[in-house]
Amino acid sequence: MTILREKGGVKLSLKISTTSGNLLREQTEQVFLNLVANACGRKNLQQGDEIVLSVIEHHSNLVPWQLIAKEKGARLRFIDIDENGRLRRDQLKEVIGPKTKAVVLCTPSNPTASAYPAERLAALAEVLARHDVWVIVDEIYADLVYGGFEHVSLAKVAPTLRDRLVVVDGVAKTYAMT
């Protein structure tokens, strides 16, 4: 079975295959987040480097970075969130430094149910563009927003970040597969 969908002007497909009549089930988001943390971390992190996350992260975003930071001798830096559960531009600007190698965002966020409007993402992207950091954004809940909110991907808001931007997304949450 193949599921097709369009997101942000890009056509995506997910092929689900079976073996011996059993559906192969993949925990895609967790697998991707682990893969990203390991791939980016093992290649790019060194002793004393920093990874920036919000103080409220789902374990699937936090644990892979904790493990890779411990292995590489890197440090996790946490940014407080505002009353709407979002990172503040001024705090991001304060926390990012020469040792920062990655910034991890989640929008929409599982723990806080918050999401970043395009103008808020653009403000964060302006700060991120000034630093040579990897930006990892978990957008797995992008299609599960309500109340007239329209999710816009960081890839669309900040095309200048694309060569150092990793967007984690999938169809498992959207189609209630997990």
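Structure shown above.
Residues numbered from 1 in each chain as written. Predicted model: local features only at pLDDT ≥ 70, side-chain atom pairs only at ≥ 80, totals over all residues. Heavy atoms only, no water.

**Some thoughts on helix α4 (residues 118–129)**
Stage number 1. Between its first and last C-alpha, α4 extends 16 Å over 12 residues, near the 16 Å set by a 1.5 Å rise per residue.
Stage number 2. Where α4 is concerned, the buried positions are L121, L124, A125, V127 and L128. Projected down its long axis, α4 shows its buried positions confined to an angular sector of 160 degrees, all on one face.
Stage number 3. Among the structural elements, α3 (89–95), β7 (100–106), β8 (134–138) and α5 (154–157) are those in contact with the buried residues of α4. (Helix = DSSP H or I, 4+ residues; strand = E, 2+ residues; numbered from the N terminus. Expected span 1.5 Å × (residues − 1). Buried < 20%, exposed > 50% of the residue type's maximum accessible area, 1.4 Å probe, protein only. Arc of directions from axis to C-beta. Contact = heavy atoms within 4.5 Å.)

**Notes on the pairing of β8**
Stage number 1. For β8, the tally of buried residues reaches 4 of 5 residues, placing the bulk of the element in the interior.
Stage number 2. Relative to β8, β7 is paired through 5 bridges, and the arrangement is parallel. Opposite V103, over in β8, you have V135 as the bridge partner.
Stage number 3. One ladder, built from 4 bridges, connects β8 with strand β9 (residues 165–168); its direction is parallel. Bridge pairing links V135 to L165 in β9. (Pairing = 2+ DSSP bridges.)

**Things to note about the sheet that holds β7**
Two pairing modes exist for strands in a sheet, parallel and antiparallel, and in both the strands are linked by backbone hydrogen bonds.
Stage number 1. Ordered by their spatial adjacency, 5 strands build an open sheet running β6-β5-β7-β8-β9, and the pairing between neighbours is parallel. The open sheet is flanked by β6 (75–79) and β9, the only strands paired with a single partner. The sheet shows a mean angle of 20 degrees between the axes of neighbouring strands, taken without regard to direction. (Axes fitted to C-alpha atoms, helices over the stretch in contact; angles between N-to-C directions.)

**Some details on empty space enclosed by the protein**
Stage number 1. Within this structure, the stated rule accounts for 2 cavities of 30 Å³ or more.
Stage number 2. Counted as a void, the second largest cavity has a volume near 40 Å³.
Stage number 3. Elements supplying a minimum of two residues to the lining of the second largest cavity: α1 (28–44) and β7.
Stage number 4. Broken down by element, the lining of the second largest cavity gets its largest block of residues, 3 residues, from α1. (1 Å grid on protein atoms, 1.4 Å probe; cavity = no way out; pocket = protein on both sides within 12 Å on 5 of 7 lines; lining within 4 Å. Points joined across faces, edges and corners; volume = space filled by probe spheres on them.)

**What about the nonpolar core?**
One recurring pattern in soluble globular proteins: nonpolar side chains tend to sit buried together.
Stage number 1. The biggest cluster of nonpolar side chains holds 23 residues, and the ones touching the most others in it are L92, V103, L105, L128, V135, L154 and L165.
Stage number 2. Here this core takes 5 residues from α4, the largest share from any one element.
Stage number 3. When near neighbours in sequence (up to four residues on either side) are disregarded, L165 contacts W134, V135, V137, L154 and A155.
Stage number 4. Among the nonpolar cores identified, the runner-up in size contains 18 residues, and L53, I68, A74 and V168 belong to it. (Core = buried A, V, L, I, M, F, W, Y, C linked by side-chain atoms within 4.5 Å.)

**With respect to the pattern of salt bridges**
Stage number 1. A full pass over the atoms with the stated rule returns 7 salt bridges.
Stage number 2. For D82, the salt bridge goes to R120, with nearest N and O atoms at 2.6 Å. Linking D82 in the loop between β6 and α3 with R120 in helix α4, this pair joins segments that are 38 residues apart in sequence.
Stage number 3. Judged by relative accessible area, D82 falls into the buried class, the value being 12%.
Stage number 4. Across the pair R130 and E126 runs a salt bridge whose closest N-O atoms are separated by 2.9 Å.
Stage number 5. Since its relative accessible area comes to 48%, R130 is described here as partly exposed.
Stage number 6. Through salt bridges with shared partners, a single ionic network connects E50, R75 and R77. (Salt bridge = Lys/Arg side-chain N within 4 Å of Asp/Glu carboxyl O.)

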